[in-house]
Amino acid sequence: MTNLPENPYLLLTPGPLSTTQSVKAAMLQDWCTWDDDYNRIVQEIREQLVKLASSDPSAYTAVLMQGSGTYCVESVLQTAVPRNGKLLVLANGAYGDRIALIARRVGIPQLVQDSGETGPPDPVLLEQMLADDPSITHVAVVHCETTTGMCNPVAEIGKIVKSFRRIFIVDAMSSFGGIPMEMEEIGADYLVSSANKCIQGVPGFGFIIARKAELARTEGNARSLSMDAYDQWRVMEEKKGKWRFTSPTHTVRAFAQALKELESEGGVKHRHERYQKNHRILVSGMRELGFETLLPDHHQSPIITAFYSPAASAYRFERFYAALKEQCFVIYPGKVTSAETFRIGNIGNVFPVDMRRLLQAVEKSIYWKPD
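Owing to the predicted nature of the structure, the values given are computational and were not obtained by experimental measurement. (Residues numbered from 1 in each chain as written. Predicted model: local features only at pLDDT ≥ 70, side-chain atom pairs only at ≥ 80, totals over all residues. Heavy atoms only, no water.)

What to know about helix α10 (residues 249-265)
Between its first and last C-alpha atoms α10 spans 25 Å; for 17 residues at 1.5 Å apiece the expected length is 24 Å, and the two agree. Burial runs high along α10: 12 of the 17 residues are buried. Every buried residue of α10 is accounted for by T249, T251, V252, R253, A254, F255, A256, Q257, A258, L259, E261 and L262. Looking at the buried positions of α10, the neighbouring elements they touch are α1 (21-25), α2 (36-53), β10 (205-211) and α11 (268-288). (Helix = DSSP H or I, 4+ residues; strand = E, 2+ residues; numbered from the N terminus. Expected span 1.5 Å × (residues − 1). Buried < 20%, exposed > 50% of the residue type's maximum accessible area, 1.4 Å probe, protein only. Contact = heavy atoms within 4.5 Å.)

In structure tokens, the structure reads:
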């Protein structure tokens, strides 16, 4: 087998992530989309995803969809919400806003409960909005809003949504596979994520885990041919893993390897523990160096953390970024509009020793403080 080059730097972002050599090596073989061996891999992936998401796998199904995670979110919205439906979006960051934008673009009537970038959705207001407007058929929320690192209380939200018998859509893009969750416990009818997040695969496709009975009712809803989640599911079911259109074969094979490595690590519980440890080391060390977190600890996910930019006039993110990249670490710019921030992720093939090395690199890169 060809020797793969080592990564020149560690990606400390919310995805794509630093992956293992064995995941990358899985992409070295070519596959035919019509081949039974390849489609068997697709079916195994679908089954494994459902088992990761539910303690009652018979009630749920998984649909794989070409493209980025946003493609899958759009696929769910325009397939799940019927022409006479109405969507309530609980937004507190760029990705909640994106759900609302998608709905507007495809003509889905919507309401937005915007709790601000640093506030969680208001359950009292949610209950009031659902009680006041029976035309709302679907509610959507982002689990881990990587704009800030906010972890939204999806179980509490789901309980309210299901008490009003509405359909609940959870964008778990940056959390599925890295934070334990069961669809029954959070009341989700649809859960959306991507290959290049906490499962630690590579970009190229996303997936939708759906309540079978609910997805089966969506035939004809889709406003798009390519993003029709119902038709994609129907073909995968009838043709035992076949995609409607050309699938990202190499990415799929890498994802199958990534799922094996998740199991070898001890499953989602143990991966979550590693991410939590990474996060604790990062936050503790950054605070010791004088940095402040944007969010209080009780709202913070173990996925990505936003830090306030230093107030020093000499500070420039681009220079700080370049100094860390020279030491083999890539971080993320801020996305919050109300504050100057930068973000550091600690998911992917990243371990506590890496976070300690990062902190040493950060200390060496603090050029804006006087000697």
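The discussion continues.
Brief notes about the packing of aromatic side chains
Counting across every chain of the model gives 16 aromatic pairs. Ring geometry for F291 against W368: centres 6.2 Å apart, planes inclined by 85°, an arrangement best described as edge-to-face. Separated by 77 residues along the polypeptide, F291 in the loop between α11 and β11 (304-308) and W368 in the segment after α13 (352-364) bring together distant segments of the chain. Take W368: its relative accessible area is 10%, and that puts it in the buried class. One aromatic cluster is present, formed by F291, F307, Y315, F320, F342, Y367 and W368 through successive ring pairs. K242 extends its terminal NZ or CZ atom over the ring of W34, reaching a point 4.4 Å from the ring centre. Here R274 stacks its cationic end above the ring of F351, 4.4 Å away from the centre of that ring. (Phe/Tyr/Trp six-rings, centres within 6.5 Å; stacked < 30°, edge-to-face > 60°. Lys NZ or Arg CZ within 6 Å of the ring centre and 35° of its normal.)

A look at the side chain of T79
Relative to the helices and strands, T79 resides in helix α3 (residues 69-80). A distance of 3.0 Å separates a polar atom in the side chain of T79 from the backbone nitrogen of A229. If we ignore the near neighbours within four places in the chain, the residues touching T79 are T218, N221, A222, M227, D228, A229 and Y230. (Polar contact = N/O pair within 3.5 Å; in protein donor to acceptor, adjacent residues only side chain to side chain.)

Topic: the layout of surface pockets
Roughly 370 Å³ of volume is contained in the largest pocket. Lining of the largest pocket is provided by 24 residues; of these, T70, Y95, R98, M173 and K197 occupy positions nearest its centre. Put simply, the parts of the chain that give the lining of the largest pocket at least two residues each are α3 and α4 (94-105). Per-element accounting of the lining of the largest pocket gives the leading share, 4 residues, to α4. Counted by class, the lining of the largest pocket contains 11 nonpolar, 10 polar and 3 charged residues. (1 Å grid on protein atoms, 1.4 Å probe; cavity = no way out; pocket = protein on both sides within 12 Å on 5 of 7 lines; lining within 4 Å. Points joined across faces, edges and corners; volume = space filled by probe spheres on them. Nonpolar A, V, L, I, M, F, W, Y, C, P; charged D, E, K, R; others polar.)

Remarks on helix α12 (residues 317-326)
Along α12, the residues that are buried comprise F317, F320, A323 and L324. For α12, the angular spread of buried residues about the axis comes to 130°, placing them on one side. When the buried face of α12 is taken as reference, the exposed residues oriented beyond 90 degrees from it are E318, R319 and E326. At its buried positions, α12 is contacted by β12 (329-330), β13 (332-333), β14 (341-345) and α13. Two residues or fewer after α12 comes C328, characterised by a positive phi angle close to 80°. (Arc of directions from axis to C-beta.)

What about the pairing of strand β8 (residues 167-171)?
Across the 5 residues of β8, 5 count as buried, placing the element largely inside the fold. Covered by surrounding structure in β8 are I167, I169 and D171 together with F168 and V170, the residues of both alternating faces. Two elements, strand β5 (residues 138-142) and β8, share 5 bridges in a ladder whose sense is parallel. Bridged to V139 within β8 is F168. (Pairing = 2+ DSSP bridges.)

Concerning the sheet that holds strand β3 (residues 87-91)
The pairing of strands in a sheet comes from backbone hydrogen bonds and takes either a parallel or an antiparallel form. Read from one edge of the open sheet, 7 strands run β2-β10-β9-β8-β5-β3-β4, paired in mixed fashion. A single partner strand is all that each edge strand has here, and the edge strands are β2 (60-66) and β4 (110-114). In this sheet, neighbouring strand axes are inclined to one another by 20° on average, regardless of whether the strands run parallel or antiparallel. Of the strand pairs in this sheet, β2 and β10 are connected by 7 bridges, and their pairing is antiparallel. If you follow Y60 over to β10, its bridge partner there is R211. (Axes fitted to C-alpha atoms, helices over the stretch in contact; angles between N-to-C directions.)

Some details on the pattern of salt bridges
On inspection of all chains with the given rule, the structure shows 13 salt bridges. Across the salt bridge formed by R46 and E237, the nearest N and O atoms sit 2.7 Å from each other. Placement of the pair is R46 in helix α2 and E237 in helix α9 (residues 229-238), with a sequence separation of 191 residues. With relative accessibility at 5%, the residue R46 sits in the buried group. Residue classification places E237 among the partly exposed positions, given a relative accessible area of 39%. In this structure, the salt-bridge partner of R211 is D189, at a minimum N-O distance of 2.8 Å. (Salt bridge = Lys/Arg side-chain N within 4 Å of Asp/Glu carboxyl O.)

Geometric descriptors of this kind do not, in isolation, establish any biological role.
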